[in-house]
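Summary of structural features
Each chain, written out:
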Amino acid sequence: MTDLLAFTDGACSGNPGPGGWGVLLQARDGDAVLKERTLSGGAAETTNNRMELTAAIAAREALERPASLRVVTDSVYVRDGVTKWLAGWKRNGWRTASKKPVKNVDLWQALDAAQARHCVVWDWVKGHAGHPENERADALARAGMAPFKDG
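The residue numbers shown here count from 1 along each chain, following its written sequence. The predicted origin of the model limits local features to residues at a pLDDT of at least 70 and limits the giving and counting of side-chain atom pairs to 80 or more, whereas totals for whole chains, interfaces and linings rest on all residues. No hydrogens and no water enter the side-chain calculation; it runs on all heavy atoms of the structure.

So, about the overall build of the chain. The way it works is that DSSP assigns letters per residue, a run of H or I at least four long becomes a helix, a run of E at least two long becomes a strand, and they are numbered from the N terminus. Within the chain, the regular secondary structure consists of four helices and five strands. Element order for the chain, N to C, with α for helix and β for strand: β-β-β-α-β-α-α-β-α. In terms of C-alpha radius of gyration, the chain reaches 15 Å, essentially the compact-globule figure of 15 Å for 151 residues. Seen through its principal axes, the chain has C-alpha atoms that stretch 45 × 40 × 30 Å. At a minimum sequence separation of 6, the contacts of the chain that also span at least 24 residues come to 67%. In the form shown here, the chain has an accessible surface area of approximately 7900 Å², with 52% of it arising from carbon and sulfur atoms. The charged-residue count follows a simple rule in which Lys and Arg add positive charge and Asp and Glu add negative charge, with His and chain termini not counted at all. Lys charges are placed at NZ, Arg charges at CZ, Asp charges at CG and Glu charges at CD. Charge-centre separation for the chain: the mean point of 20 positive side chains lies 8 Å from the mean point of 18 negative side chains. Based on C-alpha atoms, the radius of gyration is set beside the globule rule, defined as 2.2 Å times the residue count to the power 0.38. Contacts are residue-level and defined by heavy atoms, with any inter-residue pair within 4.5 Å sufficient. Here the accessible surface of atoms and residues is derived via Shrake-Rupley with a 1.4 Å probe, and residues count as covered only by protein chains that are part of the display.

Structure follows, in structure tokens:
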């Protein structure tokens, strides 16, 4: 059986500042990688959280048809936002439990829409801890940020 995985990461130089996002998509049969695709991009003035969310959105939008996908992120913000807070935010008109507007609401709404077509399972991995695919996603995020760092 083929599994589809997306390893996502965001990076920022300064917060806010120039940022980048990266995605490593893999189709696997057990431990064997059958197919792989990388995505990255960036922005001149952004935050780390916005780049983390953008990576998660890009992973979903890269899929041409509905799929079962396991997303692996090192962002507790993204993981908890999707698995713990999103339903309440939607129910409360995109307000937090303390009635404040949700930060990055444009990206949360885009992520919600992007994942609606798919069956998504979220996993968290500690960042910068030697996880090979997370390290590759981090390198993609840093590469996505590079054109904006010097400009």
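Unfilled space is identified by rolling a water-sized probe across the atoms. Put simply, the largest pocket is a space of about 570 Å³. Cavity and pocket criteria rest on a 1 Å grid covering protein atoms alone: a 1.4 Å probe that fits but cannot get out defines a cavity, protein on both sides within 12 Å along at least 5 of 7 lines defines an open pocket, and an atom within 4 Å of a point defines a lining residue. Around the largest pocket sit 22 residues that line it, and L4, Q26, A27, L63 and A67 are the ones nearest its centre. Breaking the lining of the largest pocket down by element, the ones donating at least two residues are β1 (2–12), β2 (17–29), β3 (32–46), β4 (68–73) and β5 (119–124). Only Asp, Glu, Lys and Arg are considered charged, only Ala, Val, Leu, Ile, Met, Phe, Trp, Tyr, Cys and Pro nonpolar, and every remaining residue, Gly among them, polar. Looking at the lining of the largest pocket, its residues break down into 12 nonpolar, three polar and seven charged. Grid points are joined across faces, edges and corners, and a volume is the space filled by probe spheres set on the points.

Turning our eyes to something else, we now look at the packing of aromatic side chains. A pair of Phe, Tyr and Trp rings is counted when the ring centres sit within 6.5 Å of each other, with Trp represented by its six-membered ring. The angle between the planes then sorts it: under 30 degrees is stacked, over 60 is edge-to-face, the rest tilted. Summed over the entire model, instances satisfying the criterion amount to three aromatic pairs. Consider the rings of Y77 and W108, whose centres lie 5.4 Å apart with planes at 65°: the pair is edge-to-face. Highlighted residues: Y77 in helix α2 (residues 76–91) and W108 in helix α3 (residues 105–115), separated in sequence by 31 residues. For the pair Y77 and W108, one class covers both residues: buried. With a relative accessible area of 0%, W108 lands in the buried category. Cluster of aromatic residues (ring-pair linked, three or more members): Y77, W85, W89 and W108. To sort residues, take the accessible area from a 1.4 Å probe on protein chains only and compare it with the maximum for the residue type: under 20% means buried, over 50% means exposed, and anything in between is partly exposed.

Attention shifts here to the pattern of salt bridges. Any Lys or Arg side-chain nitrogen found within 4 Å of a carboxyl oxygen on Asp or Glu counts as a salt bridge. In this structure the tally under the stated criterion is eight salt bridges. Notably, a salt bridge pairs K84 with D80, separated by 3.6 Å at the nearest N-O pair. One end of the pair, K84, and the other, D80, are both in helix α2, four residues apart, so they sit about a helical turn from each other. Assessed through its relative accessible area of 58%, K84 is described here as exposed. Overall, D80 belongs to the buried group, its relative accessible area being 8%. The partner of D112 in a salt bridge is K90, and the shortest N-O contact between them spans 3.0 Å. In this pair, D112 sits in helix α3 while K90 sits in helix α2, placing the two residues 22 residues apart along the sequence.

Here we take up the packing of helix α1 (residues 48–61) against α3. Axes are the key here: two packed helices are described by the angle between their axes and the distance separating the axes. Only the stretch in contact is used when fitting a helix axis, every axis being a line fitted to C-alpha atoms; angles between N-to-C directions are given from 0 to 180 degrees. Two numbers describe how α1 lies on α3: the axes approach to 9 Å, and their chain directions differ by 20°. Comparing the axis directions of α1 and α3 gives the class roughly parallel. The element α1 and its partner α3 pack so that their crossing is left-handed. Contacts between α1 and α3 involve R50, L53, T54, A56, I57, R60 and E61 from the former and D106, L107, W108, A110, L111, A114 and Q115 from the latter. Note on terminology: angles under 35 degrees are roughly parallel, angles over 145 are roughly antiparallel, angles of 65 to 115 are roughly perpendicular, and the others are oblique. The hand of a helix crossing depends on one turn: near helix anticlockwise from the far one by less than a right angle means left-handed, and clockwise means right-handed.

Before going further, it helps to examine unusual backbone geometry. With an omega dihedral of 20°, the bond running from N15 to P16 counts as a cis peptide bond. As for its position among the elements, P16 is in the loop between β1 and β2. At W94, a position not held by glycine, the phi torsion is positive, near 60°. Tracing the backbone shows W94 in the loop between α2 and α3.

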